[in-house]
Amino acid sequence: KAEKAPRTNAKIGQGMAKKQAQRDARSLSEAIAAGHVRVKGMGKKKQQKRAKERDRGLMEAGPGFRGGVLNVKKMAPDGGSRRHSSR
């Protein structure tokens, strides 16, 4: 395992973060100019639509699935029949 880097000074870290933000902004503007990224909306609607359509795996069973166990309600005492008997 690689050793941890020594803690950097807060003032240096702020400068590093600022420089990284500038790099990100520059790369975004270059991607827009190249046509790789659209400016308007940055595709948020499409991202939300994809997230809705994404397979949720075991969570599709509902909120009763936690920690690998599906919790279900107990069956009715009459054997689970849902039909009402006529009186």
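Predicted model only: the values in this text are computed from it and were never measured.

Thresholds, definitions, all that
- Residues numbered from 1 in each chain as written.
- Predicted model: local features only at pLDDT ≥ 70, side-chain atom pairs only at ≥ 80, totals over all residues.
- Heavy atoms only, no water.
- Helix = DSSP H or I, 4+ residues; strand = E, 2+ residues; numbered from the N terminus.
- Buried < 20%, exposed > 50% of the residue type's maximum accessible area, 1.4 Å probe, protein only.
- Areas by Shrake-Rupley, 256 points an atom, 1.4 Å probe, with all protein chains shown as cover.
- pLDDT = per-residue confidence, 0-100.
- Patch = residues over 30% accessible without salt bridge, like charges linked within 9 Å, V, L, I, M, F, W, Y side chains within 5 Å.
- Salt bridge = Lys/Arg side-chain N within 4 Å of Asp/Glu carboxyl O.
- Lys, Arg positive; Asp, Glu negative; His and termini not counted.
- Charge placed at Lys NZ, Arg CZ, Asp CG, Glu CD.

1. Topic: the overall build of the protein
Helix and strand content of the protein: two helices and two strands. Walking the protein from its N terminus toward its C terminus, one meets helices and strands in the order α-α-β-β. In the protein, which comprises 87 residues, the proportion classed as buried is 3%. A total of about 9,200 Å² of accessible surface is found on the protein, and carbon and sulfur atoms cover 54% of it.

2. Considerations on the confidence of the model for the protein
The predicted coordinates ought not to be read in detail in places where the model reports low pLDDT. On average, residues of the protein score 80 in pLDDT, and 78% of them reach the 70 mark or higher. For the protein, strand β1 (residues 65–66) is the element with the lowest average pLDDT, namely 74, and helix α1 (residues 10–34) is the one with the highest, namely 94.

3. Describing a positive patch on the surface
On the surface, Arg38, Lys40, Lys45, Lys46, Lys49, Arg50 and Arg54 cluster together into a positively charged patch. With respect to the secondary-structure elements, lysine 46 resides in helix α2 (residues 44–53).

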